[in-house]
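Chain and residue survey
Spelled out, the chains give:
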Amino acid sequence: GQQVMQIPQYQHVQEGEDFTTYCNSSTTLSNIQWYKQRPGGHPVFLIQLVKSGEVKKQKRLTFQFGEAKKNSSLHITATQTTDVGTYFCAAYALNFGKGTSLLVTP
Amino acid sequence: DAGVTQSPTHLIKTRGQQVTLRCSPKSGHDTVSWYQQALGQGPQFIFQYYEEEERQRGNFPDRFSGHQFPNYSSELNVNALLLGDSALYLCASSPTGGTGNTIYFGEGSWLTVV
């Protein structure tokens, strides 16, 4: 399978600071998906990236797919307490990374 | 429009027992996937059903089996339960094909094996 690794495992920021999580694969990915899971909740689909070098934005969230389609990133600008949760990347919705848990302190 | 619904929400079983978990997909979705999520881990893909057939399978033993019904609902069966099977079991549905489409997760079934 197309295994994906995520870093960092945890991130603690002050509200208003930026946050970035990275997703890496040793093989070329056909697509990458990002999900958010709130504590005690279930994963919620955020976005899918398909094209090499693709950049997509959703309000304060910016998603990038690397040129070689082996890595991806999620960047949140000016974090808010509502951003708390674990962010997962997944290759083809089958192989999920272990996630990055984000804690935002007011 | 109901989303993905799963039942039961919580259950406790004893080692060696068998369990059946149920999932009703979102309206209009015909592809159902099952995942196991242990505490602090990402969801692990178990298998996917489309047109009542198992289309893809992850790295799980034969103790894990499933079924999809004509109305697209699905069941996950786990036999000979082990302590390590304790996890959140997530069902996800998607439209035809199940790839390249937004998938919707249910709230999951928490299974504790004692």
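Notes on the structure follow. This is a predicted model, so every value here is computed, not measured.

Cut-offs used in this document
Residues numbered from 1 in each chain as written. Chains lettered and ligands numbered in written order. Predicted model: local features only at pLDDT ≥ 70, side-chain atom pairs only at ≥ 80, totals over all residues. Heavy atoms only, no water. Pairing = 2+ DSSP bridges. Helix = DSSP H or I, 4+ residues; strand = E, 2+ residues; numbered from the N terminus. Axes fitted to C-alpha atoms, helices over the stretch in contact; angles between N-to-C directions. Phe/Tyr/Trp six-rings, centres within 6.5 Å; stacked < 30°, edge-to-face > 60°. Lys NZ or Arg CZ within 6 Å of the ring centre and 35° of its normal. Salt bridge = Lys/Arg side-chain N within 4 Å of Asp/Glu carboxyl O. Contact = heavy atoms within 4.5 Å. Buried area = accessible area lost by both parts, 1.4 Å probe. Polar contact = N/O pair within 3.5 Å; in protein donor to acceptor, adjacent residues only side chain to side chain. Nonpolar A, V, L, I, M, F, W, Y, C, P; charged D, E, K, R; others polar. Buried < 20%, exposed > 50% of the residue type's maximum accessible area, 1.4 Å probe, protein only. Disulfide = S-S within 2.5 Å.

**Section: the sheet that holds strand 7 (residues 61-65) of chain A**
The strands that make up a sheet are held in pairs by hydrogen bonds between backbone atoms, and each pair lies either parallel or antiparallel. Residue and element names in this part refer to chain A. Spatially, 1-3-8-7-6 is the arrangement adopted by the five strands of the open sheet, whose pairing is antiparallel. The open sheet has two free edges, formed respectively by strand 1 (4-7) and strand 6 (55-58), since each of these has just one partner strand. Across the sheet, the mean angle from the axis of one strand to that of its neighbour is 15°, orientation sign disregarded. Judged from the four bridges that link them, strand 6 and strand 7 form a sheet pairing that is antiparallel. Each residue of the ladder has a partner; that of Q58, found in strand 7, is L61.

**Digging into the packing of aromatic side chains**
Following the criterion strictly, the structure yields 11 aromatic pairs over all chains and no others. Ring plane angle 40° and centroid distance 5.1 Å describe the contact between Y35 of chain A and F96 of chain A, whose orientation is recorded as tilted. In this pair, Y35 of chain A sits in strand 4 (residues 32-37) while F96 of chain A sits in strand 10 (residues 95-96), placing the two residues 61 residues apart along the sequence. Taken together through their ring pairs, the aromatic side chains of Y35, F45, F88 and F96 of chain A together with Y35, F45 and F105 of chain B make up a single cluster. Above the face of the Y104 of chain B ring, K26 of chain B is positioned so that its terminal group lies 5.1 Å from the ring centre.

**Description of the pairing of strand 3 (residues 19-24) of chain B**
Residues and elements named next belong to chain B. For strand 1 (residues 5-7) and strand 3, the ladder comprises three bridges, and the chain directions are antiparallel. Bridge pairing links S7 to R22 in strand 3. Where strand 3 and strand 8 (residues 74-78) come together, five bridges link them in antiparallel fashion. Counted as the bridge partner of V19 is V78 from strand 8.

**Structural notes on the pattern of salt bridges**
Taken as a whole and assessed by the stated rule, the structure comprises five salt bridges over all chains. In this structure, the salt-bridge partner of K56 of chain A is E54 of chain A, at a minimum N-O distance of 3.6 Å.

**What to know about the interface of chain B and chain A**
Accessible area lost during the coming together of the parts is what is often quoted as the interface size. With 18 residues of chain B at the contact, the number on the chain A side is 14 residues. Summing both sides of the interface, chain B and chain A together bury roughly 1400 Å²; the carbon and sulfur share of this comes to 58%. Taken as a group, P43, I103 and F105 of chain B account for 29% of the area that chain B buries against chain A, more than any other trio of residues on that side. Across the chain B-chain A interface, the total number found is zero salt bridges. Where chain B packs against chain A, one counts two residue pairs in polar contact (both at pLDDT 80 or more). For the side of chain B that touches chain A, the secondary-structure elements that each account for two or more residues are strand 4 (31-37) and strand 9 (87-94) of chain B. By residue class, the composition of the side of chain B that touches chain A is seven nonpolar, 10 polar and one charged.

**A short note on the side chain of D83 of chain A**
Residues and elements named next belong to chain A. By secondary structure assignment, the location of D83 is in the loop between strand 8 (71-76) and strand 9 (85-91). A distance of 2.9 Å separates polar atoms of two side chains, one belonging to D83 and the other to R60. Among residues more than four places away in sequence, those in contact with D83 are K36, R60, I76 and L102.

**Some remarks on the environment of W34 of chain A**
Residues and elements named next belong to chain A. Structurally, the position occupied by W34 is in strand 4. What makes W34 buried here is its relative accessible area of 0%. Residues W34 and L49, 15 residues apart in the sequence, show an inter-C-alpha distance of 8.6 Å.

**Quick look at the state of the cysteines**
Counted under the stated rule, the structure contains two disulfides over all chains. A sulfur-sulfur distance of 2.0 Å marks the disulfide that ties C23 of chain A to C89 of chain A. One disulfide, between C23 of chain A and C89 of chain A, carries an S-S torsion of 75° and so falls in the right-handed class. Highlighted residues: C23 of chain A in strand 3 (residues 19-25) and C89 of chain A in strand 9, separated in sequence by 66 residues. A relative accessible area of 1% places C23 of chain A in the buried class. Under the relative-accessibility criterion, C89 of chain A is labelled buried at 0%. Between the sulfur atoms of C23 of chain B and its disulfide mate C91 of chain B the distance is 1.8 Å. Taking the torsion about the sulfur-sulfur bond, which here is approximately -60°, the covalent link between C23 of chain B and C91 of chain B counts as left-handed. In this pair, C23 of chain B sits in strand 3 while C91 of chain B sits in strand 9, placing the two residues 68 residues apart along the sequence. Here the two residues C23 of chain B and C91 of chain B agree in accessibility, since each one is buried.

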